[in-house]
Amino acid sequence: MTFRLRHLLGIEPLTPADIRTTLDLADQYVDLSRGPSKHTDVLAGLTQINMFFEASTRTQASFEIAGKRLGADVMNMAMQASSIKKGETLIDTALTLNAMHPDLLVVRHPQSGAVDLLAQKVNCAVLNAGDGRHEHPTQALLDALTIRRAKGRLQRLTVAICGDIAHSRVARSNILLLGRMENRVRLIGPPTLIPARAADFGVEVYDDMREGLKGADVVMMLRLQKERMDGGFIPSEREYYHRFGLDAEKLSHAKEDAIVMHPGPMNRGVEIDGTLADDINRSVIQEQVEMGVAVRMAAMDLLARNLRAERAAKGGVYV
Amino acid sequence: MTTLFANARLIDPEAGTDGPGWLLVEGETILATGTGEAPEARETVDCGGKCLAPGIVDIGVKVCEPGERHKESFGSAGAAAAAGGVTTMVTRPDTLPAIDTPEVLEFVTRRARDASPVRIRPMAALTKGREGREMVEIGFLQDAGAVAFTDGDKVVENTKVLSRAMTYARSLGALVIAHPQDPGLSDGACATSGKFASLRGLPAVSPMAERMALDRDLALVEMTGVKYHADQITAARALPALERAKNNGRDVTAGVSIHHLTLNELDVGDYRTFFKVKPPLRAETDRVALVEAVASGLIDVISSMHTPQDEESKRLPYEEAASGAVGLETLLPAALRLYHAEAIDLPRLWRALSLNPARRLGLETGRLARGAPADLVLFDPDFPFVLDRFGLRSKSKNTPFDGAKMQGRVLGTWVAGVRVHEGG
């Protein structure tokens, strides 16, 4: 199993084969994580640094557990609290860290493209844990794994992505990945939350949720961020819930066996009905979290293999 | 003292001609042009059949004095201009502090005289501190040498303030230059809305913001009768409004930056901040429409919108990075891309680069006629090269053309009959 890329910055550069490779390896890591001993040493001797310039609980924890299960030395840096506050630029922070010889750098940043910029300046493998409104590749990969395991396949499915598409990196990465694997993607939301020229992405756009859900195999809900309300993108929470919140009635328009997904954290009663989110027959939200660890283990394993190969070719001291 | 430019290919934007000939300079001015037998002169410059044209008049050059001399000074900008065939820099007032009093303007004029080998004609702010609240001393500033009044890329949001400034400027015959962008719509945007910006996740603005602001400004022009110039028209959708105003006999002209004529939004690629300009680069359909508008004369002026930025202000995430690109030295070869693409002939191109901006500002340059100042550029339009940004004379190296294949090299630049640059 090999992977062509040095970094995982987004879904955009991935081929269907890259995606399948990652998911196949992740399947193995699901088994490992469910087994009696959750530990391997494929990343032994490597240093993983999690740099989060934006608050995160789940993604950071997921990357941390993934690294630890693979035997890496993991360090978390809460960047909002550190040198950024002292006026250091992103590049300087990157160079400082680079001097400590990390092997895997997991980065989240509030600005689109910031992780790409950082990747140009360091000698290690960089994983994008979300940059602005651009991409969140491991989220799309974990969603893909969840879908593949629930539906038995990852093509010819109709996937409806609902909510705040415009500000969502999760949506962008999912649109790219699902499209690349030859699925039918629909975007549902108020036009103020749909990105400009979205139809050019090769998706269908709906502003009526019932119509958009018709015949869907997968219903992917997105979190509505509170600050969008203040920005005047929607008139009120209750009107949003009425028109675009997922409840049993709206879900009845999708296929009978349609699964419900959410990248979390959820706003119960804003974008999704609480009972529905907990319905183990429909909701795969907990599985998504589980798959997150496995997918991140797979991604880091693949990048580390390349890193070791590259260093061996250079005759480096690392093996 | 006479100088003969022999064996030249004369590009005369006023006459609209492009052909072999000679040009005779006496002292600071052009004495005669002709074909065939050349007259005797004290000194002869053999042009070797290359193009001789009026020097470029570049409206909207940012020289970072006062305030940010580490980015650009009159000395470095002047050297860059001379090397780029620009003989008159029309400088912007968006410095620190803004050029909004006769005293600051006099400082600029003095620094320019001491340090720059090319002519400098300063613009002044339209409102104090470019804050859009009170108009500047338009009369005093005009007396001190301001050729136009503009708040640069800051839009005067308050329509009443703008209408008063325009009315007052009208009484003095002053030219008002505006940056037509609706401030509400374009707030926070760093890309043009469309598929590319959506995929990159960048906050974007519709090109309609430009048309809306232009419509507003043109209504105020109709109301006040002021002389008006739009610094950059970059969207196809703004062109019909401009055409209508011109057809209705309004005293309106428009410019466009060389970057919007030669690059499009896709050039940003993977967040390359050297391509971040204001307004943001547009779609290819816009670019094509703009080139046609320059060829037809609907857009009057091409400028470099020279905006020096140091490495630190560009090596940032795209949204945070500073806007602007240097352009004094790349304006000529980039503009020649339009000529090589057969979109425009050289006399028409030189109207937009030299004659029209000079006329708009009431300058005598931009012509090859008898009595015009001997501001000249001699260039080889075909000379191929690959641009290396570290070879630029500007203190700042933020050019989007780094590594680009270009054609066109300045062989010599003269200002008032004096050679200020020797290339090749």
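Note that the structure is a prediction, hence the values are computed from the model and not measured. (Residues numbered from 1 in each chain as written. Chains lettered and ligands numbered in written order. Predicted model: local features only at pLDDT ≥ 70, side-chain atom pairs only at ≥ 80, totals over all residues. Heavy atoms only, no water.)

Right, let's talk about the pattern of salt bridges for a bit. One pass over the structure, following the stated rule, counts 48 salt bridges over all chains. Salt-bridge contacts for B:R92 lead to B:D94; the nearest nitrogen and oxygen are separated by 3.1 Å. Each member of the pair, B:R92 together with B:D94, is buried. B:K128 is paired through a salt bridge with B:E134; the nearest N and O atoms lie 3.4 Å apart. In this structure B:K128 comes out as partly exposed when scored by relative accessible area, which is 39%. Classification of B:E134 by relative accessible area gives partly exposed; the value is 48%. What emerges from the salt-bridge pattern is a single network uniting A:D24, A:D27, A:R148 and A:R149. (Salt bridge = Lys/Arg side-chain N within 4 Å of Asp/Glu carboxyl O. Buried < 20%, exposed > 50% of the residue type's maximum accessible area, 1.4 Å probe, protein only.)

This paragraph deals with the UniProt feature "binding site: L-aspartate" (unreviewed entry) in chain A. Here the UniProt-annotated "binding site: L-aspartate" (unreviewed entry) positions come out as A:K86, A:R169 and A:R223. Structurally, A:R223 is set in the loop between β8 (218-221) and α8 (226-230). (UniProt positions renumbered as here; feature names shortened; annotations may be inferred. Helix = DSSP H or I, 4+ residues; strand = E, 2+ residues; numbered from the N terminus.)

All names here are of chain B. Across the sheet, which stays open at both edges, the five strands sit in the order β9-β10-β13-β14-β15 with parallel pairing between neighbours. A strand with exactly one partner marks an edge of an open sheet, and here the two such strands are β9 (149-150) and β15 (301-303). Across four bridges, strand β10 (residues 175-178) lies against strand β13 (residues 227-230) in parallel orientation. For I177, the partnering residue across the bridge sits in β13 and is H229. Its contacts with the sheet put helix α13 (residues 346-360) on β10, β13, β14 (252-257) and β15, and the angle it makes with β15 is roughly 100°. (Pairing = 2+ DSSP bridges. Contact = heavy atoms within 4.5 Å. Axes fitted to C-alpha atoms, helices over the stretch in contact; angles between N-to-C directions.)

Further remarks concern the UniProt feature "domain: Dihydroorotase catalytic" (unreviewed entry) in chain B. Per the UniProt record, the feature "domain: Dihydroorotase catalytic" (unreviewed entry) sits at residues 49-234 of chain B. Split by type, residues 49-234 of chain B is 38% helix and 18% strand. Its first and last C-alpha atoms lie 35 Å apart.

For the structure shown, the criterion picks out three aromatic pairs over all chains. Aromatic pair A:Y240 and A:F244: ring centres 5.7 Å apart, planes at 40°, arrangement tilted. Taken together, the residues span about one helical turn, with A:Y240 and A:F244 both in helix α9 (residues 237-244) at a distance of four residues. Look at A:Y240 and you get buried, because its relative accessible area is 2%. The class for A:F244 is buried, based on a relative accessible area of 3%. Their ring planes at 90° and their centres at 4.8 Å tell us that B:F5 and B:W414 sit as a pair that is edge-to-face. One end of the pair, B:F5, is in strand β1 (residues 2-12); the other, B:W414, is in strand β17 (residues 405-415), and 409 residues separate them in sequence. A relative accessible area of 2% means that B:F5 is categorised as buried. When the ring centre of A:F63 is taken as reference, the NZ or CZ atom of A:R296 above it lies at 4.9 Å. A cation over an aromatic ring shows up here: B:R409 above the ring of B:F383, its NZ or CZ 3.9 Å from the ring centre. (Phe/Tyr/Trp six-rings, centres within 6.5 Å; stacked < 30°, edge-to-face > 60°. Lys NZ or Arg CZ within 6 Å of the ring centre and 35° of its normal.)

All names here are of chain A. Burial within strand β6 (residues 184-188) is extensive, with four of its five residues counted as buried. Once the chain exits strand β5 (residues 158-162) it traverses helix α6 (residues 169-180) before rejoining the sheet at β6, and the crossover so formed is right-handed. Relative to strand β7 (residues 204-206), β6 is paired through three bridges, and the arrangement is parallel. Of the residues in β7, the one forming a bridge with I188 is Y206. (Right-handed = clockwise from strand over helix to strand, strands pointing away.)

Residues and elements named next belong to chain B. The assigned domain composition of chain B is domain 1 (2-51 + 374-422) and domain 2 (55-360). Once you take the C-alpha centre of each, domain 1 and domain 2 turn out to be 25 Å apart. When domain 1 packs against domain 2, close to 3,500 Å² is buried across both sides, 62% of that on carbon and sulfur atoms. Counting across the interface, domain 1 meets domain 2 through four salt bridges. Two residues, E14 and R359, come together in a salt bridge whose shortest N-O distance is 3.7 Å. Broken down by class, the residue content of the side of domain 1 that touches domain 2 amounts to 19 nonpolar, eleven polar and eleven charged. (Domains from an automatic or database assignment. Buried area = accessible area lost by both parts, 1.4 Å probe. Nonpolar A, V, L, I, M, F, W, Y, C, P; charged D, E, K, R; others polar.)

This part is about the nonpolar core. A general feature of soluble globular proteins is that nonpolar side chains tend to end up buried together. With 101 residues, the main nonpolar core has B:Y228, B:I302, B:L349 and B:W350 as its most contacted residues. Here this core spans two domains, and each of domain 1 (2-51 + 374-422) and domain 2 (55-360) of chain B adds at least three residues to it. Beyond its immediate sequence surroundings of up to four residues, B:W350 is in contact with B:I11, B:P13, B:A53, B:P54, B:I56, B:L332, B:L355, B:V377 and B:F379. The next biggest cluster of nonpolar side chains, apart from the first, holds 65 residues, and it includes A:I11, A:F52, A:L176 and A:M261. (Core = buried A, V, L, I, M, F, W, Y, C linked by side-chain atoms within 4.5 Å.)

Take the side chain of A:D301 next. All names here are of chain A. Tracing the backbone shows D301 in helix α12 (residues 285-313). With a relative accessible area of 4%, D301 lands in the buried category. A polar side-chain atom of D301 sits 2.6 Å from a polar atom in the side chain of Y29. (Polar contact = N/O pair within 3.5 Å; in protein donor to acceptor, adjacent residues only side chain to side chain.)

Before going further, it helps to spend a moment on the environment of B:L298. Residues and elements named next belong to chain B. With respect to the helices, strands and loops of the structure, L298 is situated in the loop between α10 (284-296) and β15. Sequence spacing of L298 and E28 is 270 residues, and the spatial spacing of their C-alpha atoms is 33 Å. In this structure, L298 is in contact with L239, L242, E243, K246 and A293, ignoring residues within four places of it in sequence.

The next thing to look at is the interface of chain A and chain B. Contact residues are listed per partner, giving 22 residues for chain A and 16 residues for chain B. For the pairing of chain A and chain B, the buried interface totals around 1,600 Å² over both sides, and the portion due to carbon and sulfur atoms is 58%. Summed over the three residues of chain A that lose the most area to chain B, namely A:Q111, A:S112 and A:F201, the buried surface amounts to 28% of that side. Across the contact surface, chain A and chain B share one salt bridge. A salt bridge links A:E12 to B:R200, with the shortest nitrogen-to-oxygen separation between them at 3.2 Å. If you look at where chain A meets chain B, you find six residue pairs in polar contact (both at pLDDT 80 or more). Looking at the side of chain A that touches chain B, the elements with two or more residues in it are α3 (90-98), α4 (114-119) and α6 of chain A. It is α4(A) that contributes the most residues to the side of chain A that touches chain B, three residues altogether. Counted by class, the side of chain A that touches chain B contains eight nonpolar, six polar and eight charged residues.

All names here are of chain B. At a closest axis distance of 10 Å, the pairing of helix α12 (residues 331-340) and α13 adopts a crossing angle of 140°. Considering their axes alone, α12 and α13 lie oblique with respect to each other. Considering how the two elements wind past one another, α12 and α13 form a crossing that is right-handed. Between α12 and α13, the contacting residues are L331, L332, A335, L336, L338 and Y339 on the first element and L346, L349, W350 and L353 on the second. The residue inventory of the contact of α12 with α13, partitioned by class, reads ten nonpolar, no polar and no charged. (Parallel < 35°, antiparallel > 145°, perpendicular 65-115°, else oblique. Left-handed = near helix turned anticlockwise from the far one by under 90°.)

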